[in-house]
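A look at the structure
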Amino acid sequence: MKKSKFASLFLSSSLLIGILAGCGAEEGSSSEGGDTIKIGANLELSGATASYGTSEADAIDLAVEEINDAGGIDGKKIELIKVDNKSDAAEATNAAIKLTSQDKVTAIIGAATSGNSVAQVQIATDTKTPMISPSGTSTTVTVGDDGKVNPFTFRTAFIDPFQGTVAANFAANELKVKTAAVYADNASDYAKGLAASFIKDFEAAGGKIVAEESYVAKDTDFRSTLTNIKSSNPEFIFIPGYYEEVGLIVKQARELGITVPLMGADGWDSPTLVDLAGADALNNSFIITAFSSEDPDGKAKDFSEKFKEKYGKDPNSFNALGYDTVYLLKDAIERAGSTDGTKIKEAIEATDQLELVTGLYSVDENHHPIKSAVIIEYVDGAQVFKTKVNP
Amino acid sequence: MEWIQQLINGISLGSIYALIALGYTMVYGIIKLINFAHGDVFMVGSFIGFYSITVFGLGFFPALILSMAACALFGVIIERIAYKRLRNATRIAALITAIGVSLLIEYGVIYIRGAQPEAYPDVFSNRSFAFLGAQISIQSILILSVSVVLMILLQFIVHKTKTGKAMRAVSHDTEAAKLMGINVDNTISATFAIGSALAGAAGVIFGIYYTKIDPLMGVIPGVKAFVAAVLGGIGIIPGAMVGGLVLGVVETIVSALGFSLWRDAAAFVILILILIFRPSGIFGKNTREKV
C-alpha cells in the first residue's frame with residue numbers, strides 16, 4: 001500500500017518533470033555509485049491487455065521483494081520503478097523514454113505484449129539499456145524488419161515456432177511415434193509457423209509426415225479432411241490453431257474413430273475448448289505452455305507456494321514469466337559485475353542453462369530463448385501436468 | 001471404405017443445406033424475393049434450441065419443436081414488418097431490405113448476448129458404430145432421419161392440405177389466386193412460417209452436429225443454401241432438397257481429394273456454372289416470360 005502510493009506520487013511528479021528534463025538526458029544508463037540498482041518495469045497496468053501486465057507486475061514485485069530480503073544484487077537493493085503504458089504503443093515509447101532519461105534505470109522489464117515491446121526497442125538501443133520482454137512472443141521483438149538483431153532486446157518467453165519444435169520432440173521422444181499428420185490453420189501465420197517447425201524437427205528426429213492438410217478459420221465441417229487423415233493412419237496428429245476451430249476438430253476426429261494422440265500449442269488454451277470438444281474427446285490430447293502450477297520441479301513448486309501465499313491464487317504463465325525475468329536480469333547483472341548496459345547485455349547473451357521457474361534458459365544468436373516447455377495433458381476436461389521437455 | 005465415410009459426411013452436411021434451401025426456395029416461389037435474412041433465422045433457431053436445452057432443460061425433440069415454432073413466428077413477424085409493405089415495390093428494393101433485415105438480426109443478437117461462440121450440449125450419446133468400415137455416429141443417423149421426416153412432412157403440407165394448395169396457387173399466379181378468393185397475405189405468411197420453421201430445425205440440427213454456434217453462423221450456410229436452391233431450380237421444392245444434398249456431397253468430395261481450402265470456392269463455381277448453362281436449375285423447366 002505504502003509502496004504503491006509512493007510509486008504513484010513519484011510517477012506523477014516525475015512525468016511532469018520529464019517533459020522539461022527529457023532533452024537533458026545524457027548518454028548511457030548507468031546508475032553507478034548509488035547503493036540501489038534501478039530497474040524499470042514498463043507494463044500494461046491498465047487498458048486492453050492489462051491482465052497480462054498486472055499478472056507480470058505481481059510476480060515482479062514478489063521476485064524483487066525476495067531478492068532484496070536476501071540482500072539484493074551484490075549488496076545493492078533493487079529499486080523497482082513501475083510505469084503503466086496503458087496497453088498503448090505510443091505510451092510504451094513514452095514510458096521507455098521516461099525510464100531511461102529521468103530515472104536512469106539499469107534495465108527495463110516489459111512490455112507484456114509484442115507490440116508494446118517493439119515500441120521501446122529504439123529507445124533501448126539508443127540509450128544502451130537492456131530490455132527484457134517477459135511474454136512478447138513475436139520474433140519482431142528481438143529481430144528487426146531488416147533481419148538484424150536488436151542488440152539490447154531480449155525475451156523470457158519462447159517464440160511461437162519453438163512450440164512446433166517442442167511438439168516434435170515430445171512426439172518423437174516421449175510418445176515414440178514414427179508417423180504424424182499435420183492439420184493447420186491456413187489463415188494464420190502463427191499456425192503455419194508452428195506447422196513448419198514441427199515438420200522440420202519431426203523429420204529430423206526420424207519421423208515421417210504422412211498427411212499435411214489445412215483448414216481456414218471459421219470452418220465448421222472438418223469431417224471430410226479428417227477422414228482423409230484417418231485413412232493415412234498417422235500415429236499422432238499435430239493441430240496448431242486456435243481453440244474455436246480446434247474444439248470442433250477434436251470432437252469430429254473422435255467421432256470418426258480417430259483415437260491417436262492429438263497435440264496443439266498455446267492457441268488451444270481456453271476453457272471454451274473443453275466445452276466445444278467435450279471432456280471425453282479431449283482425452284489423449286496435449287498442449288504446450290510455458291508454465292504449469294502443478295510442475296513438481298523444486299523451483300516451480302517453490303514459486304507456486306510463495307505466490308499463493310502472497311496473492312491467494314495459483315500462478316499462471318504470465319506470473320511465472322514476470323518472475324523469471326527478474327531473476328534472469330539478476331543473474332546477468334551479477335555476472336557482469338557492473339550496472340553498465342553493454343556489459344549486462346553481453347552477460348544476458350552468454351546466459352547458458354540458467355535454472356528458472358519456467359525451466360532451463362539459454363539465448364540463441366537471435367536473442368530467442370532456447371528453454372524448457374511444459375506439456376499439459378487433458379484428462380477428463382482438466383489440464384494435468386504431463387512432463388517438462390528440456391532443450 | 002473411405003468413400004462410404006465421405007459419402008456419409010457429405011449427406012449429413014447436405015441435408016442441413018437442404019433444410020435451409022427449402023425456406024429460400026419456398027419464399028422465392030411465392031413472392032420472387034431472395035430472403036437474405038433466412039440464414040439469420042437459421043441462427044436464431046439454433047440459439048433458441050440452445051437456450052431451451054441449457055436453460056429450460058428440454059430434451060432434443062421438445063427443443064426442436066420449440067425452436068421451429070418460435071422461428072415460424074419470427075419469420076411471420078419479419079414478413080409482416082419488413083416485406084409486406086414492399087409487396088408492390090421493385091424487386092431490388094425488397095432485396096436490399098432483406099439484406100438490411102439480415103444485418104439487423106445478426107447485430108441485434110450480438111447486441112443482446114455478445115459475439116462469443118457457444119457450445120451446444122451433447123444431447124445424444126457420442127457413440128458411433130462401424131458400418132462397412134465407416135464410422136457412423138448415432139447423432140448423424142438421428143439428424144438424417146429428422147431431416148427426411150421434415151421434408152416428407154413438407155411435401156405432405158404442400159400437396160395434400162388446403163394451405164399447400166393455396167401456396168401453390170399463389171405461386172402460380174397471385175392475381176388469379178386472389179380472384180379465386182384465396183387470402184394471399186395469409187398464404188404468404190404461412191409460407192414464411194413453414195420456411196422459417198425448417199430453418200429453425202436446421203439450426204438445432206446444425207448445433208448438435210457441429211457444436212459451435214455464434215451470431216454470424218448463418219452467413220455462410222445461408223449463402224450455400226442459396227446456391228443449393230439455385231442449383232436445384234429456385235422456386236421448386238424437390239429441387240432444393242436435391243440441390244442441398246448435391247452441394248454437400250460435392251464439397252465433401254473436393255475436400256476428400258485434398259483441396260479442402262477450395263471447398264467454399266467449389267460451391268460458388270457451381271453457382272456460376274449453373275447460372276451460365278442452366279439458369280433454371282436441375283429441376284427447372286424453361287419457362288416463358290409472362291408478358
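Residues numbered from 1 in each chain as written. Chains lettered and ligands numbered in written order. Predicted model: local features only at pLDDT ≥ 70, side-chain atom pairs only at ≥ 80, totals over all residues. Heavy atoms only, no water.

**A word on the overall build of chain A**
Within chain A, the regular secondary structure consists of 13 helices and 15 strands. The C-alpha atoms of chain A give 22 Å as radius of gyration, which agrees with the globular expectation for 391 residues (21 Å, within 12%). Here the C-alpha coordinates of chain A stretch approximately 70 × 45 × 35 Å along the principal axes. Residue burial in chain A is summarised as follows: out of 391 residues, 56% are buried. Carbon together with sulfur atoms contributes 52% to the accessible area of chain A, which is approximately 15300 Å² in total. Placing the 36 positive and 57 negative side-chain charges of chain A at their respective mean positions leaves the two points 3 Å apart. (Helix = DSSP H or I, 4+ residues; strand = E, 2+ residues; numbered from the N terminus. Rg over C-alpha atoms; globule rule 2.2 N^0.38 Å. Buried < 20%, exposed > 50% of the residue type's maximum accessible area, 1.4 Å probe, protein only. Areas by Shrake-Rupley, 256 points an atom, 1.4 Å probe, with all protein chains shown as cover. Lys, Arg positive; Asp, Glu negative; His and termini not counted. Charge placed at Lys NZ, Arg CZ, Asp CG, Glu CD.)

**Concerning the overall build of chain B**
Helix and strand counts for chain B stand at 11 helices and 4 strands. Reported as C-alpha extents along the three principal axes, the dimensions of chain B are approximately 60 × 45 × 35 Å. Going through the 291 residues of chain B one by one, you find that 52% of them count as buried. When contacts within chain B are restricted to residue pairs at least 6 apart in sequence, long-range pairs at least 24 apart make up 76% of them. When the accessible surface of chain B is totalled, it reaches about 13300 Å², and 71% of it is carbon and sulfur. (Contact = heavy atoms within 4.5 Å.)

**Regarding the UniProt feature "transmembrane region" (unreviewed entry) in chain B**
Residues and elements named next belong to chain B. As recorded in UniProt, the sites labelled "transmembrane region" (unreviewed entry) are residues 7-31, 51-78, 90-112, 132-158, 188-210 and 265-284. The span residues 51-78 is 82% helix and 0% strand, and its two end C-alpha atoms sit 22 Å from each other. End C-alpha atoms of residues 188-210 are separated by 32 Å, and the span's content is 100% helix alongside 0% strand. (UniProt positions renumbered as here; feature names shortened; annotations may be inferred.)

**Side note on the packing of aromatic side chains**
Under the criterion given, the structure shown has 25 aromatic pairs over all chains. Geometrically, the ring pair formed by B:Tyr209 and B:Tyr210 is edge-to-face, given 4.8 Å between the ring centres and 70° between the ring planes. Clustering of aromatic rings is evident, with ring pairs tying together A:Phe291, A:Phe303, A:Phe307, A:Tyr311, A:Tyr323 and A:Tyr327. In this structure, A:Arg223 packs its charged tip against the face of B:Tyr209, placed 3.5 Å from the ring centre. (Phe/Tyr/Trp six-rings, centres within 6.5 Å; stacked < 30°, edge-to-face > 60°. Lys NZ or Arg CZ within 6 Å of the ring centre and 35° of its normal.)

**Looking at the sheet that holds strand β12 (residues 359-363) of chain A**
Residues and elements named next belong to chain A. In spatial order, the strands read β11-β12-β13; together these 3 strands make up an open sheet with antiparallel pairing. Strands with a single pairing partner mark the edges of an open sheet, and in this sheet they are β11 (354-356) and β13 (369-371). Along the sheet, successive strands turn relative to each other by an average axial angle of 35°, direction set aside. Pairing geometry for β11 and β12, over 3 bridges, is antiparallel. By the bridge assignment, Glu355 is partnered in β12 with Leu360. Across the face of the sheet, helix α12 (residues 317-336) comes into contact with β11, β12 and β13 while running at roughly 150° to β11. (Pairing = 2+ DSSP bridges. Axes fitted to C-alpha atoms, helices over the stretch in contact; angles between N-to-C directions.)

**Some remarks on a positive patch on the surface**
Residue and element names in this part refer to chain B. A surface patch of positive charge is lined by Lys160, Lys162, Lys165 and Arg168. Per element, the largest residue contribution to the positive patch is 3 residues, and it comes from helix α6 (residues 162-172). Within the fold, Lys162 resides in helix α6. Relative accessible area serves as the criterion here: at 76%, Lys162 is assigned to the exposed category. (Patch = residues over 30% accessible without salt bridge, like charges linked within 9 Å, V, L, I, M, F, W, Y side chains within 5 Å. Salt bridge = Lys/Arg side-chain N within 4 Å of Asp/Glu carboxyl O.)

**Details of a nonpolar patch on the surface**
The grouping of A:Val216, B:Trp3, B:Ile253, B:Leu257, B:Phe259, B:Leu261 and B:Trp262 at the surface amounts to a nonpolar patch, some 720 Å² of accessible area in total. Turning to its location among the elements, B:Ile253 is positioned in helix α10 (residues 237-256).

**Comments concerning the confidence of the model for chain A**
For chain A, mean pLDDT is 86; residues scoring 70 or higher make up 91% of the total. Residue range residues 13-33 of chain A is modelled with pLDDT below 50. Its contacts to residues more than four positions away, or to other chains, number 26 contacts. (pLDDT = per-residue confidence, 0-100.)

**Regarding unusual backbone geometry**
Residues and elements named next belong to chain A. Here the bond from Gly110 into Ala111 is cis, since omega is 0°, no more than 30 degrees from zero. With respect to the helices and strands, Ala111 occurs in the loop between β3 (107-109) and α4 (114-127). Positive phi, close to 50°, is recorded for Lys104, a residue that is not glycine. Looking at the secondary structure, you find Lys104 in the loop between α3 (89-101) and β3. Judged by relative accessible area, which is 23%, Lys104 ranks as partly exposed.

**A few points about the sheet that holds β3(A)**
All names here are of chain A. Spatial strand order, β2-β1-β3-β4-β5: 5 strands in an open sheet with parallel pairing. Each having just a single partner strand, β2 (77-84) and β5 (153-155) make up the two edges of the open sheet. Averaged over all neighbouring strand pairs, the angle between strand axes comes to 25°, with direction disregarded. Looking at chain direction, strand β1 (residues 36-43) and β3 are connected through 3 bridges and run parallel. Bridging from a neighbouring strand, Ile39 pairs with Ala107 of β3.

**Section: the interface of chain B and chain A**
Listed per partner, the contact involves 27 residues of chain B and 25 residues of chain A. With both sides pooled, the region where chain B packs onto chain A buries about 2300 Å², and carbon together with sulfur makes up 49% of that total. When the area that chain B buries against chain A is broken down by residue, the three leading residues are B:Tyr210, B:Lys212 and B:Leu261, summing to 26%. For the salt bridge of A:Glu244 with B:Lys212, the shortest nitrogen-to-oxygen distance reads 3.1 Å. Elements that contribute at least two residues to the side of chain B that touches chain A include exactly α1 (2-31), β1 (118-119), α8 (184-210) and α10 of chain B. At 5 residues, α1(B) tops the list of elements feeding residues into the side of chain B that touches chain A. Considering only residue class, the side of chain B that touches chain A consists of 10 nonpolar, 12 polar and 5 charged. (Buried area = accessible area lost by both parts, 1.4 Å probe. Nonpolar A, V, L, I, M, F, W, Y, C, P; charged D, E, K, R; others polar.)

**Overview of the pairing of β1(A)**
All names here are of chain A. β1 sits mainly inside the fold: 6 of its 8 residues count as buried. Two elements, β1 and β2, share 8 bridges in a ladder whose sense is parallel. Each residue of the ladder has a partner; that of Asn42, found in β2, is Val83. As a crossover connection, the stretch from β1 through helix α2 (residues 50-69) into β2 is right-handed. (Right-handed = clockwise from strand over helix to strand, strands pointing away.)

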